[in-house]
Amino acid sequence: MKKKLETLTVQTLIPMLRSLPLSVARSVGTGLGKVFCELLGLRREVVENNLHRAFPDWSDQEVTRTSSETYRFFTRAAIDWLRYEDVREAESIEVTGWEHAQPLEEGGGIIATGHLGYWELAASELADR
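Residues numbered from 1 in each chain as written. Predicted model: local features only at pLDDT ≥ 70, side-chain atom pairs only at ≥ 80, totals over all residues. Heavy atoms only, no water.

## Observations concerning the packing of aromatic side chains
Inference 1: Applying the stated rule across the entire model yields 1 aromatic pair.
Inference 2: Ring plane angle 10° and centroid distance 4.1 Å describe the contact between phenylalanine 55 and tryptophan 58, whose orientation is recorded as stacked. (Phe/Tyr/Trp six-rings, centres within 6.5 Å; stacked < 30°, edge-to-face > 60°.)

Here it is in structure tokens:
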């Protein structure tokens, strides 16, 4: 039942978030991160357990703060992905080194990259090109 409720929530939110101005949708996304983490606790225990395992020296306060920030970032990033065309129009996105990806158009390949920049949107940009 919980999974169905999560699915219904997302299906309801997506059209709403697409219809709002980008800045408003991003603000709503930030608020949703707080709701998902702090009020609903969606997978919060898993996130916090993973943070405790990854950073055993962190206090409970550091884990809780990082967990909350992660949810807020994830929902904002999800809004940017959902509204990618609007983000492209509203902001300057600079991509360099596309000449190295030219062989992909000729037969595919594997891309290995560092976790640099706003990589969450990089796949959308690559797909557009």
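## Some details on the pattern of salt bridges
Inference 1: Across all of its chains, the model carries 4 salt bridges by this definition.
Inference 2: Linking aspartate 86 and arginine 83 is a salt bridge whose minimum nitrogen-to-oxygen distance equals 2.6 Å. (Salt bridge = Lys/Arg side-chain N within 4 Å of Asp/Glu carboxyl O.)

## Observations regarding the side chain of threonine 75
Inference 1: Checked against the element boundaries, threonine 75 lands in helix α4 (residues 60-82).
Inference 2: You can call threonine 75 buried: its relative accessible area is 7%.
Inference 3: A polar side-chain atom of threonine 75 sits 3.4 Å from the main-chain amide nitrogen of glycine 33.
Inference 4: Discounting chain neighbours no more than four positions away, the residues touching threonine 75 are Gly29, Thr30, Leu32, Gly33 and Phe36. (Helix = DSSP H or I, 4+ residues; strand = E, 2+ residues; numbered from the N terminus. Buried < 20%, exposed > 50% of the residue type's maximum accessible area, 1.4 Å probe, protein only. Polar contact = N/O pair within 3.5 Å; in protein donor to acceptor, adjacent residues only side chain to side chain. Contact = heavy atoms within 4.5 Å.)

## What to know about the packing of helix α3 (residues 44-54) against α4
Inference 1: Relative to each other, α3 and α4 sit at 125°, their axes nearing to 10 Å. Overall, the two elements α3 and α4 adopt an arrangement that is oblique. Seen along the crossing, α3 lies across α4 with a hand that is right-handed. Across the interface between the two elements, Arg44, Val47, Glu48, Leu51 and His52 of α3 pack against Asp60, Val63, Thr64, Thr66, Ser67 and Tyr71 of α4.
Inference 2: The residue inventory of the contact of α3 with α4, partitioned by class, reads 4 nonpolar, 4 polar and 3 charged. (Axes fitted to C-alpha atoms, helices over the stretch in contact; angles between N-to-C directions. Parallel < 35°, antiparallel > 145°, perpendicular 65-115°, else oblique. Left-handed = near helix turned anticlockwise from the far one by under 90°. Nonpolar A, V, L, I, M, F, W, Y, C, P; charged D, E, K, R; others polar.)

## Observations regarding the nonpolar core
Inference 1: Counting residues in hydrophobic clusters, the biggest one holds 10 residues: Leu13, Leu17, Ala25, Leu32, Phe36, Cys37, Leu42, Tyr71, Ile79 and Leu82.
Inference 2: The set of elements that each furnish at least two residues to this core consists of α1 (2-19), α2 (22-39) and α4.
Inference 3: The element contributing the most residues to this core is α2, with 4 residues. (Core = buried A, V, L, I, M, F, W, Y, C linked by side-chain atoms within 4.5 Å.)

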